[in-house]
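Overview (structure and organization)
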Amino acid sequence: MVDPTPTPDTTAHPRFADALRELGLDVEVRGFPDATRTAAEAAAAIGCELSQIVKSLVFEADGQPVVVLMDGASRVDVELVRLELGAGSVRRATAALVRETTGYAIGGVPPFGHRTRTRVLADRRLLDHQTVWAAAGTPHTVFPLDPKTLIAHADGTLVDVRERSA
């Protein structure tokens, strides 16, 4: 008899698994049968606070991709990103640019291990936690890491680009 419960695939995306090996990181990749594409889905599946989820968001600043690492409970203030970069304009990247730049689809973009070297901005609020969770290259996989190590491996610059509540 076949077990009808789907078994989660705990395999990171091959490119991301290679990045982990190259960095010497031994992290537990957790897989879920249902997608953890959004921060809320990931937090619910993991059982952590929404702010412990790391969103790896790709923007286009004056035609150049930039990755912003943001906690799952917050939104990026695009104007603060623009000012931080000294750019004329900043907008969300298209799905095609996200895949071309990172090698991953939206919903599975990890904070590092991207196809091309891209500037990374990391919002300072990520440091509020001992452990944060980020995508492992697929919409079904995540991994935990302390935020300082995660930001260091992403070669991220600490910034304040979180949208402030009105």
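Residues numbered from 1 in each chain as written. Predicted model: local features only at pLDDT ≥ 70, side-chain atom pairs only at ≥ 80, totals over all residues. Heavy atoms only, no water.

1. Re the side chain of threonine 101
- Position of threonine 101 among the secondary structure elements: in helix α4 (residues 95-102).
- A residue is classified by how much of its surface remains accessible, and threonine 101, at 3% relative accessible area, is buried.
- Apart from the residues within four sequence positions on either side, threonine 101 is in contact with Pro65, His114, Arg115, Thr116 and Thr118. (Helix = DSSP H or I, 4+ residues; strand = E, 2+ residues; numbered from the N terminus. Buried < 20%, exposed > 50% of the residue type's maximum accessible area, 1.4 Å probe, protein only. Contact = heavy atoms within 4.5 Å.)

2. Re helix α3 (residues 78-85)
- Between a side-chain oxygen at the N-terminus of α3 and the backbone nitrogen of glutamate 79 the separation is 3.0 Å; the capping residue is aspartate 77.
- Of the residues trailing α3, glycine 86 is marked for its positive phi of about 65 degrees. (Polar contact = N/O pair within 3.5 Å; in protein donor to acceptor, adjacent residues only side chain to side chain.)

3. With respect to the packing of aromatic side chains
- Overall, the coordinates contain three aromatic pairs when judged by the stated rule.
- Taken together, a centroid distance of 6.0 Å and an interplanar angle of 70 degrees make the contact between phenylalanine 112 and phenylalanine 143 edge-to-face. With phenylalanine 112 in the loop between α4 and β5 (119-123) and phenylalanine 143 in strand β7 (residues 141-145), this pair connects stretches of sequence that are 31 residues apart. No difference in accessibility class separates phenylalanine 112 from phenylalanine 143, as the two residues are buried.
- Joined through ring pairs, the aromatic side chains of Phe16, Phe112 and Phe143 make up one cluster.
- A cation sits over an aromatic face here: arginine 15 above tyrosine 104, 5.7 Å from the ring centre. (Phe/Tyr/Trp six-rings, centres within 6.5 Å; stacked < 30°, edge-to-face > 60°. Lys NZ or Arg CZ within 6 Å of the ring centre and 35° of its normal.)

4. Thoughts on unusual backbone geometry
- You will see that aspartate 62, though not glycine, has its phi angle at about 50 degrees, which is positive.
- Turning to its location among the elements, aspartate 62 is positioned in the loop between β2 (53-61) and β3 (64-71).
- Here the phi dihedral of aspartate 155 falls at roughly 55 degrees; this positive angle occurs in a residue that is not glycine.
- You can see aspartate 155 is positioned in the loop between α5 (147-153) and β8 (156-159).

5. So, the pattern of salt bridges
- Within the structure shown, the criterion is met by eight salt bridges.
- For arginine 117, the salt bridge identified is with aspartate 155, shortest N-O distance 2.5 Å. Of this pair, arginine 117 sits in the loop between α4 and β5 while aspartate 155 sits in the loop between α5 and β8; the two residues are 38 residues apart in sequence, bridging distant segments of the chain.
- Here aspartate 160 ties to arginine 124 by a salt bridge, and the two come within 3.5 Å at their closest N and O atoms. Residue aspartate 160 is found in the segment after β8, and its partner arginine 124 is found in the loop between β5 and β6 (132-135); the two are separated by 36 residues along the sequence.
- Look at aspartate 160 and you get partly exposed, because its relative accessible area is 41%.
- Judged by relative accessible area, which is 38%, arginine 124 ranks as partly exposed. (Salt bridge = Lys/Arg side-chain N within 4 Å of Asp/Glu carboxyl O.)

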